[in-house]
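# Geometric and topological summary
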Amino acid sequence: MSADDVHKQIRLLIDNLGNIKDTSGEFLLRLDHGRVIDTKGWHDWEWTHGIGLYGLWKYYTLTNSKTTLDIIKGWFNNRLAEGTTNSINTMAVFLTLAYLYEDAGDRTYLPWLEE
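I will try to describe carefully the structure that is included in this document.

### Thoughts on the side chain of Asp22
- Its place among the elements puts Asp22 in the loop between α1 (3-19) and β1 (28-30).
- No salt bridge is formed by the buried Asp22. Its closest oppositely charged neighbour is Lys40, at 5.6 Å.
- Polar side-chain contacts of Asp22 include one of 2.7 Å to the backbone nitrogen of Phe27.
- The residues contacting Asp22, other than those within four sequence positions of it, are Phe27, Leu28, Asp38 and Lys40.

Structure (structure tokens):
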């Protein structure tokens, strides 16, 4: 498999990751205290999103892909605007945010990282 083919497959994976949706509600996890977690979609806070974001970050560091960086920044901009609950699972995304802060120096990330 050529390098171009590998990057094409990774771009398809990234596109699928960002556009996957649970249209039936089958993958919603309803916790006893009322929180509902979308365990399939891209637009939530969970450890699975942290793993995806870290994978995107690693790909960005290898390729310097502006598109990949924009996806990461967009996810954080949208999710930080919504806020989160604090649990070990929702903290997984902050590894990537710390790397993003080190790379970009965007001070708006600091309060989230410090907390």
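That covers the picture; the talk isn't over yet.
### Observations regarding the packing of aromatic side chains
- Considering all chains together, one arrives at eight aromatic pairs under this definition.
- A centroid spacing of 5.2 Å and a plane angle of 50° characterise the contact between Trp57 and Tyr60, whose relative ring orientation is tilted. Pair noted here: Trp57 and Tyr60 are both in helix α2 (residues 47-63), with a separation of three residues, about one helical turn. In this structure, Trp57 and Tyr60 share a single accessibility class: buried.
- On the numbers, 5.1 Å between centres and 85° between planes, the contact of Trp75 with Phe76 is edge-to-face.
- Ring pairing ties together the aromatic residues Trp42, Trp45, Trp75, Phe76, Phe94 and Trp112, which thus form one cluster.

### Examining unusual backbone geometry
- If you check the backbone angles, Asn64 has positive phi at about 60° while not being a glycine.
- When you line up the elements, Asn64 lands in the loop between α2 and α3 (66-82).
- Since its relative accessible area comes to 58%, Asn64 is described here as exposed.

### What about the environment of Leu97?
- Note that Leu97 resides in helix α4 (residues 94-104).
- With relative accessibility at 0%, the residue Leu97 sits in the buried group.
- Spatially, the C-alpha atom of Leu97 lies 24 Å from that of Lys21, the residues being 76 residues apart in sequence.
- For Leu97, the residues in contact, after removing those within four places along its chain, are Phe76, Tyr109, Trp112 and Leu113.

The rules behind each value
- Residues numbered from 1 in each chain as written.
- Predicted model: local features only at pLDDT ≥ 70, side-chain atom pairs only at ≥ 80, totals over all residues.
- Heavy atoms only, no water.
- Helix = DSSP H or I, 4+ residues; strand = E, 2+ residues; numbered from the N terminus.
- Buried < 20%, exposed > 50% of the residue type's maximum accessible area, 1.4 Å probe, protein only.
- Lys, Arg positive; Asp, Glu negative; His and termini not counted.
- Salt bridge = Lys/Arg side-chain N within 4 Å of Asp/Glu carboxyl O.
- Polar contact = N/O pair within 3.5 Å; in protein donor to acceptor, adjacent residues only side chain to side chain.
- Contact = heavy atoms within 4.5 Å.
- Phe/Tyr/Trp six-rings, centres within 6.5 Å; stacked < 30°, edge-to-face > 60°.

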